Amino acid sequence: MEILQIRGGRRLEGSLRVQGAKNSVLPILAASLVSGAVSVIENCPALRDVEASAAILRHLGCTLRREGSTLIVDSGPVDRCDVPDDLMREMRSSVLFLGAVLARTGCASLSLPGGCELGPRPIDLHLSGLRAMGAEIAQEGSDLRCRTAGLRGCEIQLTIPSVGATENLMLAACRAEGTTVIRNAAREPEIVDLQGFLRAMGASVQGAGSATVVVEGSRPLTDCCHAVLGDRIAAATYLAAAAASGGDVEVRGVSYRHLSTVTGIFSEAGCHVCSEPDSVRLRSRGRLRGVGPVHTAPYPGFPTDAQAPVMAALAGSLGETVFVENIFSDRYRHVRELRRLGADIRTEGRVAVVHGVPYLHGAQVRATDLRGGAGLVVAALAAVGESEVAGLEHIDRGYEEIETVLAALGADIRRKESIRKDPDLYREGGDARG
Ligand code: EPZ
């Protein structure tokens, strides 16, 4: 069992180029199936979730080749429309293969995606949108059997601006007859990146980044090349680590506009933040101060994915900060572990109240989900003494070599095999998938 061993209290300093965005590359990999051509995907991060998507693509018949940070997918040879349960369970975003496989082959046989670590995560909007486009979908237990004689464009009004549903419907719409209009679409930068990829392969997609996305279907799709957007959540995590450690860190390769709600919190907490169009630098000016309430919200609001790392940074602040988690009903599992590091945080339902403490102390903690795990790393970097963070299978889903990135900034952090056998701290797996 691998752990991160962190000796906290080192000031982080330096500059890093952030990895490609996990939440962009996953829909893009599903989209690569739709064209039946060759997709060259640059700035593709090496992540567990990317490996899981690659395994699904291979199972469906695609050939894949990695050259450094470029992944080349040839979806020409696709010859099946099923995704086995064990591959579906690897990650939540396997659900994006529903729209992609159906659009490409006219049928799809798969199971509900795994994981519910953030509370219930239904896919009703994915299913009703695809049904409106002419898909017949039968659900038996967790098995989904879908077929269509041909998808048709239509108007779809989402009741929630779901990121995954917007993406799934965009993928399906590329091969539908006629025009699809998705209203109340998610406006996340990753949706705009997906639009860029789909356009590169010849699809007609407009409006991403606004609440209305329009896809003219049935355009001929071809080979394409696309560079994945920089990861705003990984960037937010490294800025949180800088803020928590009293550091001075520049993150390159990410748009400052995509981070404005996060950098706004750190400015309010007393940090000096300066931004260029594709980089952000954060300089600490001493101990952080508590800030006004942090409400998570769909983009352009404060991202739920940054909630845990920012909370971890504020655990050692002067004063109090209230968090309100509006996207997922159970996204405070890291709080119990932060308390082991000495944090004073109380939760009730969707609200968490952080009373800053003068210092955190080293402890053995366990990640139970991806961003919660990143939050534990941030807190451990600021803590006095040595910490061990277990549950790296979660962190590795979304962060490319997190220990290498942080060590280059001066952190005392190493990945090692644990010799401890504490069954509670170091049990494998769990049910957490993103
Ligand atoms: C995406 O998940 C991200 N994952 C998540 O990133 C992120 O937390 C989330 O968007 C919100 O920003 C990827 O992009 C791969 P949603 P997704 O559909 O698409 C409800 C991370 O840490 N809902 O926008 O699953 C749902 O229950 C992760 O990187 C329905 O009710 O999120 C939730 O409350 C984890 N019915 C809300 O909408 C549906 O059919 C938002 O979910 C779909 C969603």
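Before reading further, recall that the structure is shown in the block above.
In this text the structure is predicted, and so the values were computed from the model without any measurement. (Residues numbered from 1 in each chain as written. Predicted model: local features only at pLDDT ≥ 70, side-chain atom pairs only at ≥ 80, totals over all residues. Heavy atoms only, no water.)

A few points about the overall build of the protein chain
Part 1: On a plain count of helices and strands, the protein chain comes out with 15 helices and 23 strands.
Part 2: Taken over C-alpha atoms, the radius of gyration comes to 21 Å for the protein chain, in line with the 22 Å a tight globule of 434 residues would show.
Part 3: Dimensions of the protein chain, computed from the C-alpha atoms along their principal axes, are close to 65 × 45 × 45 Å.
Part 4: Looking at the protein chain as a whole, 57% of its 434 residues are labelled buried.
Part 5: When the accessible area of the protein chain is evaluated, it comes to approximately 16,100 Å², of which 48% is carbon and sulfur surface.
Part 6: In the protein chain, 48 positive and 52 negative side-chain charges are present, and the distance between their average locations comes to 2 Å. (Helix = DSSP H or I, 4+ residues; strand = E, 2+ residues; numbered from the N terminus. Rg over C-alpha atoms; globule rule 2.2 N^0.38 Å. Buried < 20%, exposed > 50% of the residue type's maximum accessible area, 1.4 Å probe, protein only. Areas by Shrake-Rupley, 256 points an atom, 1.4 Å probe, with all protein chains shown as cover. Lys, Arg positive; Asp, Glu negative; His and termini not counted. Charge placed at Lys NZ, Arg CZ, Asp CG, Glu CD.)

Looking at the layout of surface pockets
Part 1: If you add up the space inside the largest pocket, you get close to 1,100 Å³.
Part 2: Together, 46 residues line the largest pocket, and Arg121, Val163, Gly164, Ile327 and Phe328 are the ones closest to its centre.
Part 3: Elements with a minimum of two residues in the lining of the largest pocket: helix H1 (22-35), helix H5 (124-132), helix H6 (163-173), helix H8 (232-244) and helix H12 (370-382).
Part 4: When the residues that make up the lining of the largest pocket are grouped by side-chain class, the tally is 21 nonpolar, ten polar and 15 charged.
Part 5: Formed jointly, the lining of the largest pocket draws a minimum of three residues from each of two domains, domain 1 (2-19 + 230-417) and domain 2 (22-227). (1 Å grid on protein atoms, 1.4 Å probe; cavity = no way out; pocket = protein on both sides within 12 Å on 5 of 7 lines; lining within 4 Å. Points joined across faces, edges and corners; volume = space filled by probe spheres on them. Nonpolar A, V, L, I, M, F, W, Y, C, P; charged D, E, K, R; others polar. Domains from an automatic or database assignment.)

Some details on the site of the ligand
Part 1: In the region of the ligand, 23 residues are neighbours, and Ser162, Gly164, Asp305, Ile327 and Arg371 sit closest.
Part 2: Measuring from an oxygen atom of the ligand, one finds a backbone N or O atom of Pro122 at 3.3 Å.
Part 3: At 2.6 Å, a side-chain N or O of Ser162 approaches an oxygen atom of the ligand.
Part 4: About the coverage of the ligand: the protein hides 89% of its 830 Å² of free accessible area.
Part 5: A molecule is said to occupy a pocket when more than half its atoms come within 2 Å of that pocket's grid points, and by this definition the ligand occupies the largest pocket.
Part 6: Among the secondary structure elements, those contributing two or more residues to the shell around the ligand are H1, H5, H6 and H12.
Part 7: In terms of residue class, the shell around the ligand is built from ten nonpolar, six polar and seven charged. (Near = heavy atom within 4 Å. Polar contact = N/O pair within 3.5 Å; in protein donor to acceptor, adjacent residues only side chain to side chain. Sits in = over half its atoms within 2 Å of the grid points.)

Observations regarding the sheet that holds strand S8 (residues 143-147)
Part 1: As summarised here, the arrangement of the three strands in space is S6-S8-S7, forming an open sheet in which the pairing is antiparallel. Of all strands in the sheet, those with a lone pairing partner are strand S6 (107-111) and strand S7 (136-140), marking the two edges. Between one strand axis and the next, the sheet turns by 10 degrees as a mean value, whatever way the strands run.
Part 2: Here S7 pairs with S8 via five bridges, running antiparallel. By the bridge assignment for S8, Ala138 is matched with Arg145.
Part 3: Of the strands in this sheet, S6 and S8 touch helix H4 (residues 96-105), which is tilted by about 155 degrees from S6. (Pairing = 2+ DSSP bridges. Axes fitted to C-alpha atoms, helices over the stretch in contact; angles between N-to-C directions. Contact = heavy atoms within 4.5 Å.)

Some points on the environment of Val73
Part 1: Mapped onto the elements, Val73 comes out in strand S5 (residues 70-74).
Part 2: Val73 sits in the buried class, given a relative accessible area of 0%.
Part 3: A sequence separation of eleven residues divides Val73 from Cys62, and the C-alpha atoms of the two residues are 6.7 Å apart.

Let's talk about the nonpolar core
Part 1: If you look at the biggest cluster of nonpolar residues, it comprises 75 residues, and the most contacted ones within it are Leu33, Ile41, Met133 and Leu198.
Part 2: The dominant element in this core, judged by the number of residues it contributes, is H1, at eight residues.
Part 3: For Met133, the contacting residues outside a window of four places in its chain are Gly150, Leu151, Arg152, Cys154, Ile156, Leu169, Ala172, Ala173, Ala176 and Thr180.
Part 4: Membership of the second largest hydrophobic core comes to 69 residues, among which are Ala235, Ala312, Val365 and Ala383. (Core = buried A, V, L, I, M, F, W, Y, C linked by side-chain atoms within 4.5 Å.)

Comments concerning the sheet that holds strand S11 (residues 204-206)
One key point about sheets: their strands pair by backbone hydrogen bonds, in either a parallel or an antiparallel sense.
Part 1: As summarised here, the arrangement of the four strands in space is S9-S10-S12-S11, forming an open sheet in which the pairing is mixed. Every interior strand has two partners, whereas the edge strands, strand S9 (155-157) and S11, have only one. Strand-to-strand twist in this sheet, taken as the mean axis angle between neighbours without regard to direction, amounts to 10 degrees.
Part 2: As judged from the three bridges shared by S9 and strand S10 (residues 179-183), these two strands associate in the parallel manner. Looking across to S10, one finds that Glu155 is bridged to Val181.

Topic: the environment of Asp231
Part 1: Take Asp231: it is sitting in the loop between strand S13 (224-227) and H8.
Part 2: Taking relative accessible area as the criterion, Asp231 reaches 3% and is therefore assigned buried.
Part 3: C-alpha of Asp231 to C-alpha of Pro189: the two residues are 42 residues apart in sequence and 9.8 Å apart in space.
Part 4: When neighbours within four sequence positions are excluded, Asp231 is seen to be in contact with Val18, Gln19, Gly20, Ala21, Lys22, Val254 and Gly398.

Focus: the packing of aromatic side chains
Part 1: Going through the model one piece at a time under the given rule, you end up with one aromatic pair.
Part 2: With a centroid separation of 6.4 Å and 80 degrees between ring planes, the pair formed by Tyr238 and Tyr399 is classed as edge-to-face. Of the two residues, Tyr238 sits in helix H8 while Tyr399 sits in the loop between helix H13 (392-398) and helix H14 (402-408), which places them 161 residues apart along the sequence.
Part 3: With relative accessibility at 1%, the residue Tyr399 sits in the buried group. (Phe/Tyr/Trp six-rings, centres within 6.5 Å; stacked < 30°, edge-to-face > 60°.)

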